[in-house]
Amino acid sequence: MKAAEVHNLKDDELVAKLIDAKEEAFNLRFRHATGELENTARLGQAKRDVARLVTVARERGIDVEKETRRI
């Protein structure tokens with residue numbers, strides 16, 4: 001996901017993408033630990049996606065912990 005795409009998202013879409021990205025990163029780490037993951041480069045991409053989403057959310061003043069805990 002590119003930074004321009006993230007900046008164009010609405011606040012509720014941003015939080016939803018962040019939740020999905022965190023879930024994907026967890027699943028990739030789990031698959032890597034069990035030896036099922038073939039594309040290990042995706043781990044780094046997922047981490048960067050989460051970081052990019054969190055950065056934009058904090059710039060907008062969204063309480064990331066509160067919003068992601070709600071679901």
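This text goes with the structure placed above it.
Summary of the structure given here. Just so we're clear, the structure is a prediction, and the values are computed from it rather than from any experiment.

### Re the packing of aromatic side chains
Here comes step 1: Under the defined criterion, the tally for this structure stands at 1 aromatic pair.
Here comes step 2: On the basis of an interplanar angle of 20 degrees and a centroid distance of 6.4 Å, the ring pair of Phe26 and Phe30 is categorised as stacked. Of this pair, Phe26 and Phe30 both sit in helix α2 (residues 11-33), 4 residues apart, roughly one helical turn.
Here comes step 3: Take Phe30: its relative accessible area is 52%, and that puts it in the exposed class.

### What about α2?
It helps to recall that an α-helix has 3.6 residues per turn; residues three or four apart then point in one direction.
Here comes step 1: In a regular helix each residue adds 1.5 Å, so 23 residues correspond to 33 Å; α2 covers 33 Å between its end C-alpha atoms and thus fits that length.
Here comes step 2: If you check which residues of α2 are buried, you get Leu14, Val15, Leu18, Ile19, Ala21, Ala25 and Leu28.
Here comes step 3: Elements in contact with the buried residues of α2: α1 (3-7), α3 (41-59) and α4 (64-69).

What counts and what doesn't
- Residues numbered from 1 in each chain as written.
- Predicted model: local features only at pLDDT ≥ 70, side-chain atom pairs only at ≥ 80, totals over all residues.
- Heavy atoms only, no water.
- Phe/Tyr/Trp six-rings, centres within 6.5 Å; stacked < 30°, edge-to-face > 60°.
- Helix = DSSP H or I, 4+ residues; strand = E, 2+ residues; numbered from the N terminus.
- Buried < 20%, exposed > 50% of the residue type's maximum accessible area, 1.4 Å probe, protein only.
- Expected span 1.5 Å × (residues − 1).
- Contact = heavy atoms within 4.5 Å.

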